[in-house]
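Chain by chain, the residues run as shown.
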Number of protein chains: 2
Amino acid sequence: MNPAAIFDCYSAYQKTAAMQAAIDVGLFSAIAAGASTVPAIAEKCGASPKGVRVLCDYWTVNGLLNKSGDAYQLTPESATFLDRKSPAYMGDVIRFFNGPIKPFFERLTGAVRNGGCETTGSVEPEFDGWIDFAEQMGAMMFPAAQAIAKLLGNVSGKVLDVAAGHGLFGIVLAQKNPGVHVTALDWPKVLEVAKRHASKMGIADRYATITGNAFTVDLGGPYDVILLTNLLHHFSREQCTTLLKRLRAALRPGGRLVTLEFVPNEDRISPPMSATFPLIMLATTAKGDAYTFAELEKMLLSAGFAKNKLHQPEDSPQQIIVST
Amino acid sequence: MNPAAIFDCYSAYQKTAAMQAAIDVGLFSAIAAGASTVPAIAEKCGASPKGVRVLCDYWTVNGLLNKSGDAYQLTPESATFLDRKSPAYMGDVIRFFNGPIKPFFERLTGAVRNGGCETTGSVEPEFDGWIDFAEQMGAMMFPAAQAIAKLLGNVSGKVLDVAAGHGLFGIVLAQKNPGVHVTALDWPKVLEVAKRHASKMGIADRYATITGNAFTVDLGGPYDVILLTNLLHHFSREQCTTLLKRLRAALRPGGRLVTLEFVPNEDRISPPMSATFPLIMLATTAKGDAYTFAELEKMLLSAGFAKNKLHQPEDSPQQIIVST
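Model, not experiment: these values are computed from the prediction.

Chemist: Sorry if this is basic, but what is going on with the environment of Leu227 of chain B here?
Modeler: Within the element layout of this structure, Leu227 of chain B appears in strand S6 (residues 223-229). Residues Leu227 of chain B and Gly129 of chain B lie 98 residues apart in sequence; the distance between their C-alpha atoms is 21 Å.

Quick look at the structure:
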């Protein structure tokens, strides 16, 4: 038996470093722009021919480039997501993964022993990572934001975007629905980013904000739609239920709660991204987790949401629950 | 198109952290010893049930555990390499990968720009990583050491083990051949580890050492066999040729040089481990690389080795060249 797969795990961090370096020097964008040989790519990237050759061969072996003779080409995946000129470019997203949440993984053994991060972790108000997140993760969440807007159909009235971050979920909904007014809730520094995005995307005049903690701040309302995206996984079941009750009370009768989450199947080993997401919560939060639909439904029911429906959008690894 | 493969690269470092945590708490060994459910594994590991559940599901998704209902089982790979009681246990090897060479990868972008590490990197005499390497990498190199001994057939006389590290290559050869006397060359602290291994494996009375730099120290000799394992890749072609000439001069007429290396095919994108190995050399050395057989043969010929034959051992991802 060959231990190659084991060594792949031991050196997996090198893959993140090789991606960071490729994005830093603009390797994929240079190839997209027509450079195909090592000397041409090196010149365009301002990098050494040796470094470029090593990186290009590495990414060929790892499936994000093709090599034919001396010429490298992008694969459909790298052309879509790693060429700076592609509308679906996600190169900047690496800064969050390979940035503020990384130090938590140096202490993962402790988190496994304790059942979570020893501090309040990424849920702290002063965790600067959420500013990076808001700056960089919009691109990653765009397909999910579009899926939510599609799922909701025609909407008008007041929309609350809880822990808005980059703000994209509310903004995309407002762009599609001229009668929508968004209220974005988050920490003050993060809301600066969301407001900037709202201006850039032309809906600033329908964009209000509430600064503070979703568990304690006055939520205003009542709202026609509440967006609860990527927040529950940071908290325990009890904390989630408490928050859901507050949101229920801020919704007008007949209003809808939209929850975007990593929802593992009952087997907890599929689908892959939702099933492995609990590792990130174990490392970076005290009590966070990814909850199955049965677990989420129980919390939602006890918060007063009688009808809860799970949806799997096409272009997102995450799942959506619409509750009334 | 789904960007899941891109995010896998962004978060690949988490896989190394998840492996480190699993090895630290003894997760695979606990399952091997009969614990199969989360509470049982948690108790055996002294870890939290939540942490164990998250890790077990993570490694099920990532192919090193199987899950059936609530019970986890090792796969053949994890049973062979990650159970502390298995003779082929390689859990300790992660300490080198996830230890002394890791900081170099924080500076990989600079290495891509410059064509190598800005310092002399891992080739420095005082690089303490080689003590870790000698302590931990023996397990990883055992199959290659056996392959070399098999390839050489019956040997007697003097064997020089250049940059011996853990010492395993010379030691295994001496174990198989009672007429072999090994001289191990390396830095003093590293040789302490090799001498300990030689004692443990019962050949201390046929084990001499030379401390110092292979490029400058008096090599003694002449030798019947010289073992040159995992050394050339740290150096430039010119440096390699210089070293090979020194070794040629220390070999008796008809003596054999055995080189163990990561030898990529001429396409430089196969086999996978040898083709991606240059990334590690780019990050951790100023001028190191993995050389194709054509490149190595050229250096060997110019150093006076007229006949050079490439071999692919069965149980190793590396390649062996025998030169006379």
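Still more to cover.
Chemist: How should the interface of chain B and chain A be read in this particular structure?
Modeler: By a widespread convention, an interface's size corresponds to the accessible area lost as its parts come together. Taken together, the contact between chain B and chain A spans 78 residues of the former and 79 residues of the latter. Both faces considered, chain B and chain A share a buried interface measuring about 6,800 Å² in area, 70% of it formed by carbon and sulfur atoms. Taken together, the links from chain B to chain A amount to four salt bridges. Close ionic contact of Glu106 of chain B with Lys102 of chain A constitutes a salt bridge, the shortest N to O distance being 3.1 Å. Along the contact surface separating chain B from chain A lie 29 residue pairs in polar contact (both at pLDDT 80 or more). For the side of chain B that touches chain A, the secondary structure elements donating two or more residues are helix H1 (4-10), helix H2 (12-25), helix H5 (49-61), helix H6 (76-81), helix H7 (94-97), helix H8 (102-105), helix H9 (108-114) and helix H15 (272-284) of chain B. When its residues are assigned to classes, the side of chain B that touches chain A shows 45 nonpolar, 18 polar and 15 charged.

Chemist: Explanation requested: the environment of Ala275 of chain A in the structure shown.
Modeler: With respect to the helices and strands, Ala275 of chain A occurs in helix H15 (residues 272-284). For Ala275 of chain A and Phe262 of chain A, which are 13 residues apart along the polypeptide, the C-alpha to C-alpha distance reads 7.8 Å. Apart from residues lying up to four places away in sequence, Ala275 of chain A is in contact with Pro264, Arg268, Ile269 and Ser270 of chain A together with Val61 of chain B.

Chemist: Explain the pattern of salt bridges here, please?
Modeler: Note on pairing: side chains with opposite charge can pair once their charged atoms come close. All names here are of chain A. Applying the stated criterion across every chain, the model contains 16 salt bridges over all chains. The salt bridge involving Asp57 is made with Lys67; its shortest N-O contact spans 2.9 Å. Residue Asp57 is located in helix H5 (residues 49-61), and its partner Lys67 is located in strand S1 (residues 65-68); the two are separated by ten residues in the primary sequence. By relative accessible area, which is 22% here, Lys67 ends up partly exposed.

Chemist: For this particular structure, what's the right way to read the sheet that holds strand S4 (residues 180-186) of chain A?
Modeler: Strand pairing in a sheet relies on backbone hydrogen bonds, with the paired strands running either antiparallel or parallel. Residue and element names in this part refer to chain A. Pairing is mixed across the open sheet formed by seven strands, whose spatial order is S5-S4-S3-S6-S7-S9-S8. In this open sheet, the two edge strands, each paired with only one partner strand, are strand S5 (207-211) and strand S8 (308-311). The average undirected angle you get between the axes of adjacent strands in this sheet is 20 degrees. As judged from the five bridges shared by strand S7 (residues 251-261) and strand S9 (residues 319-323), these two strands associate in the antiparallel manner. Residue pairing across strands places Val258 opposite Val322, the latter belonging to S9. The strands touched by helix H13 (residues 188-200) within the sheet are S4 and S5, with S5 carrying the most contacts at an inclination of about 175 degrees.

Chemist: So what exactly am I meant to see when it comes to the packing of aromatic side chains here?
Modeler: Both the distance between ring centres and the angle between the ring planes are used here to describe each pair of aromatic rings. One pass over the structure, following the stated rule, counts 16 aromatic pairs over all chains. Ring plane angle 85 degrees and centroid distance 5.1 Å describe the contact between Tyr58 of chain B and Trp59 of chain B, whose orientation is recorded as edge-to-face. With respect to burial, Tyr58 of chain B and Trp59 of chain B carry one shared label: buried. Members of the aromatic cluster, joined through ring pairs, are Phe7 and Tyr10 of chain A together with Phe97 of chain B. Across the ring face of Tyr13 of chain A, the terminal group of Lys102 of chain B is positioned such that the distance to the ring centre comes to 5.7 Å.

Chemist: Would you explain helix H11 (residues 138-152) of chain A in this entry?
Modeler: Helical geometry: 3.6 residues make up each α-helical turn, so side chains three or four residues apart lie on a common side. Residues and elements named next belong to chain A. Between its terminal C-alpha atoms H11 stretches 20 Å, which fits the 21 Å expected from 15 residues at 1.5 Å a residue. Of all the bends in H11, the largest measures some 25 degrees and sits at Ala144. All buried positions along H11 are accounted for by Gly138, Met140, Met141, Ala144, Ala145, Ala147, Ile148, Ala149 and Leu152. Directly beyond the C-terminal end of H11, a positive phi value near 65 degrees is found at Gly153.

Chemist: Looking at this model, I keep getting lost on the sheet that holds strand S4 (residues 180-186) of chain B. Mind explaining?
Modeler: All names here are of chain B. Taken in spatial order, the seven strands make up an open sheet running S5-S4-S3-S6-S7-S9-S8, and their pairing is mixed. Of all strands in the sheet, those with a lone pairing partner are strand S5 (207-211) and strand S8 (308-311), marking the two edges. This sheet shows a mean twist of 20 degrees between the axes of neighbouring strands, independent of strand direction. As defined by bridge partners, strand S3 (residues 157-162) adjoins S4 across six bridges and the pair is classed as parallel. Across the sheet, Val162 pairs through a bridge with Leu185, a residue of S4. Against the sheet, helix H14 (residues 237-250) makes contact with S3, S6 and strand S7 (251-261), and its axis sits at roughly 140 degrees relative to S7, the strand it touches most. Where helix H16 (residues 293-302) meets the sheet, it contacts S7, S8 and strand S9 (319-323), and its direction lies at approximately 150 degrees from that of S8.

Chemist: Looking at this structure, how should I read the nonpolar core?
Modeler: In a soluble, globular protein the nonpolar side chains are often hidden away together inside. Counting 187 residues, the largest nonpolar core has Tyr10, Trp59 and Leu108 of chain A together with Tyr10, Trp59 and Leu108 of chain B as the members making the most contacts within it. With near-sequence residues (within four places) excluded, Trp59 of chain B lies in contact with Cys9 of chain A together with Lys15, Ala18, Met19, Ala22, Leu27, Phe28, Leu64 and Leu65 of chain B.

Chemist: I keep staring at the relation of the copies chain B and chain A and nothing clicks. Help me out?
Modeler: What relates the pair of chain copies is a rotation about an axis plus a shift along that axis. With an RMSD of 0.0 Å, the operation that places chain B on chain A is a rotation of 180 degrees combined with a shift of 0.0 Å along the axis. Here the two chains are linked by the operation of a two-fold rotation axis. Scanning chain B for the C-alpha nearest the rotation axis identifies Tyr13 of chain B, at a separation of 1.8 Å. When you check the interface residues of chain B against chain A, 100% turn up at the interface there too, and the contact is symmetric in its surfaces.

Chemist: Any chance you could explain the state of the cysteines here in plain terms?
Modeler: Should the sulfur atoms of two cysteines be covalently bonded, the bond is a disulfide. By the definition in use, this model includes zero disulfides over all chains. Cys9 of chain A takes part in no disulfide bond, and the closest cysteine sulfur, belonging to Cys9 of chain B, lies 14 Å away. Judged by its relative accessible area of 5%, Cys9 of chain A falls in the buried class. The closest cysteine sulfur to the non-disulfide-bonded Cys56 of chain A is located on Cys45 of chain A, 7.8 Å from its own sulfur. Here Cys56 of chain A falls in the buried class, since its relative accessible area comes to 0%.

Chemist: Just to check I follow, could you spell out the side chain of His166 of chain B for this structure?
Modeler: All names here are of chain B. Here His166 lies in the loop between S3 and helix H12 (168-176). Judged by relative accessible area, which is 2%, His166 ranks as buried. Beyond its immediate chain neighbours, meaning those up to four positions away, His166 contacts Phe133, Ala134, Met137, Gly138, Met141, Ile171, Ala194 and His197.

Chemist: Hey, could you run me through H13 of chain A in this one?
Modeler: Residues and elements named next belong to chain A. Compared with an ideal rise of 1.5 Å per residue, which puts 13 residues at 18 Å, H13 spans 19 Å between its outermost C-alpha atoms and is within 8% of the ideal. Within H13 the residues assigned to the buried category are Val190, Leu191, Val193, Ala194, His197 and Ala198. Seen end-on, H13 carries its buried residues on one side only, within an arc spanning 155 degrees. Looking at the buried positions of H13, the neighbouring elements they touch are helix H10 (129-136), helix H12 (168-176), S4 and S5.

Cut-offs used in this document
- Residues numbered from 1 in each chain as written.
- Chains lettered and ligands numbered in written order.
- Predicted model: local features only at pLDDT ≥ 70, side-chain atom pairs only at ≥ 80, totals over all residues.
- Heavy atoms only, no water.
- Helix = DSSP H or I, 4+ residues; strand = E, 2+ residues; numbered from the N terminus.
- Contact = heavy atoms within 4.5 Å.
- Buried area = accessible area lost by both parts, 1.4 Å probe.
- Salt bridge = Lys/Arg side-chain N within 4 Å of Asp/Glu carboxyl O.
- Polar contact = N/O pair within 3.5 Å; in protein donor to acceptor, adjacent residues only side chain to side chain.
- Nonpolar A, V, L, I, M, F, W, Y, C, P; charged D, E, K, R; others polar.
- Buried < 20%, exposed > 50% of the residue type's maximum accessible area, 1.4 Å probe, protein only.
- Pairing = 2+ DSSP bridges.
- Axes fitted to C-alpha atoms, helices over the stretch in contact; angles between N-to-C directions.
- Phe/Tyr/Trp six-rings, centres within 6.5 Å; stacked < 30°, edge-to-face > 60°.
- Lys NZ or Arg CZ within 6 Å of the ring centre and 35° of its normal.
- Expected span 1.5 Å × (residues − 1).
- Bend = angle between axes of the 7 residues up to and from the residue.
- Core = buried A, V, L, I, M, F, W, Y, C linked by side-chain atoms within 4.5 Å.
- Least-squares fit on C-alpha atoms with pLDDT ≥ 70 in both.
- Disulfide = S-S within 2.5 Å.
- Arc of directions from axis to C-beta.

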